[in-house]
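Coordinate inspection notes
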Amino acid sequence: MDKKIKKAIFPAGGLGTRFLPATKASPKEMLPIVDKPMIQYAIEEAIGCNIEEFIIITGKYKRAIEDHFDSAYELEENLRKSDKKKLLEEITRLNHIKLAYIRQRAALGLGHAILCAKPFVKDEPFAVLLSDDVIDTEETLLKDMIRLYGKYGCPVVALEEVPISEVNKYGIIKGTAAGDSVYKISDLIEKPSKEKAPSNLAIIGRYILTSEIFAILEKLPPGKGGEIQLTDALKALLKKQAIYGYLFKGKRYDAGDKLGYLKATVNFALKNTEISDSFARYLLDITMTLKHKKQH
Ligand code: G1P
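A few points about unusual backbone geometry
With an omega dihedral of 5°, the bond running from L20 to P21 counts as a cis peptide bond. Along the chain, the position of P21 falls in the loop between strand 1 (7-11) and strand 2 (32-33). Positioned with a positive phi, N50 is a non-glycine residue whose angle comes to about 65°. Within the secondary structure, N50 is located in the loop between helix 1 (38-47) and strand 4 (53-58). Judged by relative accessible area, which is 55%, N50 ranks as exposed.

Quick word on the nonpolar core
In this structure, F10, I39, I43 and I208 are the most contacted members of the largest nonpolar core, which totals 41 residues. Among the elements that line this core, the one with the most residues is helix 7 (residues 141-152), at six residues. The contacts of I39, once residues within four sequence positions are left out, are F10, A12, E29, M30, I56, I65, F69 and S131. By size, the runner-up hydrophobic cluster in this structure holds 37 residues, among which are I173, L201, I203 and I216.

Side note on the packing of aromatic side chains
Counted by the stated rule, this structure contains seven aromatic pairs. Their ring planes at 15° and their centres at 3.8 Å tell us that Y152 and Y244 sit as a pair that is stacked. Here Y152, found in helix 7, pairs with Y244, found in strand 12 (residues 244-247); they are 92 residues apart in sequence, far enough to count as distant. Following the ring pairs from residue to residue traces out a cluster consisting of Y41, Y253 and F268. The ring of Y41 is capped by K36, whose NZ or CZ atom sits 4.8 Å from the centre of that ring.

What counts and how
- Residues numbered from 1 in each chain as written.
- Predicted model: local features only at pLDDT ≥ 70, side-chain atom pairs only at ≥ 80, totals over all residues.
- Heavy atoms only, no water.
- Helix = DSSP H or I, 4+ residues; strand = E, 2+ residues; numbered from the N terminus.
- Buried < 20%, exposed > 50% of the residue type's maximum accessible area, 1.4 Å probe, protein only.
- Core = buried A, V, L, I, M, F, W, Y, C linked by side-chain atoms within 4.5 Å.
- Contact = heavy atoms within 4.5 Å.
- Phe/Tyr/Trp six-rings, centres within 6.5 Å; stacked < 30°, edge-to-face > 60°.
- Lys NZ or Arg CZ within 6 Å of the ring centre and 35° of its normal.

It is worth stressing that arrangement in space is one thing and function is another; only the former is reported here.
Here you go:
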């Protein structure tokens, strides 16, 4: 079996209800974090892991994603003529990558989105990146997961410990420790109540999957929220295959949520050489003002 992960799927067909009205007619995945759309961070993360083919699952009102990754002849010419080399480099840097778009006709859930990629993935193992889980650029989460897949040859999901009050926002696993930061999974449940959660180990938006998942997804009835849930498919897969969880201890932002999005923005702004100093000064200023207001 070839254990190299060459393909990655980027589900982007969701409705983005948590960002309405901003996402009424434009994709959530195109919301910028400083100066780059969210989905570009995920694509660049995959490029850093030597992924060669990128499959974006799109939907209604998502055409801006295709335009973003297309070449922009007029703009490029303009920047070339005005000698704006750095900007030109920035907008053409990803022009060569192999991208495919598949339209998910209805937002029927994450599992359904993955199933839409079946004809492109065929029988290869593949990565899934949910672009609203933004991983700090210094982290090596996906690389570590690919390494783990190489060792076990089984699906690997990324995990994070979350407060028990937040288990209802995630797929939650039950598992036993199987090495440094590694869990062997024995059960999974999508967005349980805190009473029903088997642990506080939450699945975060990075997966290494094998093509066995497609046959399960094809037959899977709708689950939580009436959607075809990837978590339910993984639970069914457990009967045939081991699944491992990799506990991530680094920085992740839930940028699909307003507060998480703002935190990601602040973090990336503080890393941006163009604005970091003046932005840090501004943050200090407003922190002082807020402190002062609280004291009086
Ligand atoms: C999806 C998955 C969930 C996972 C989460 C990670 O939920 O269904 O299992 O924990 O992504 O971000 P969503 O955030 O799309 O509701």
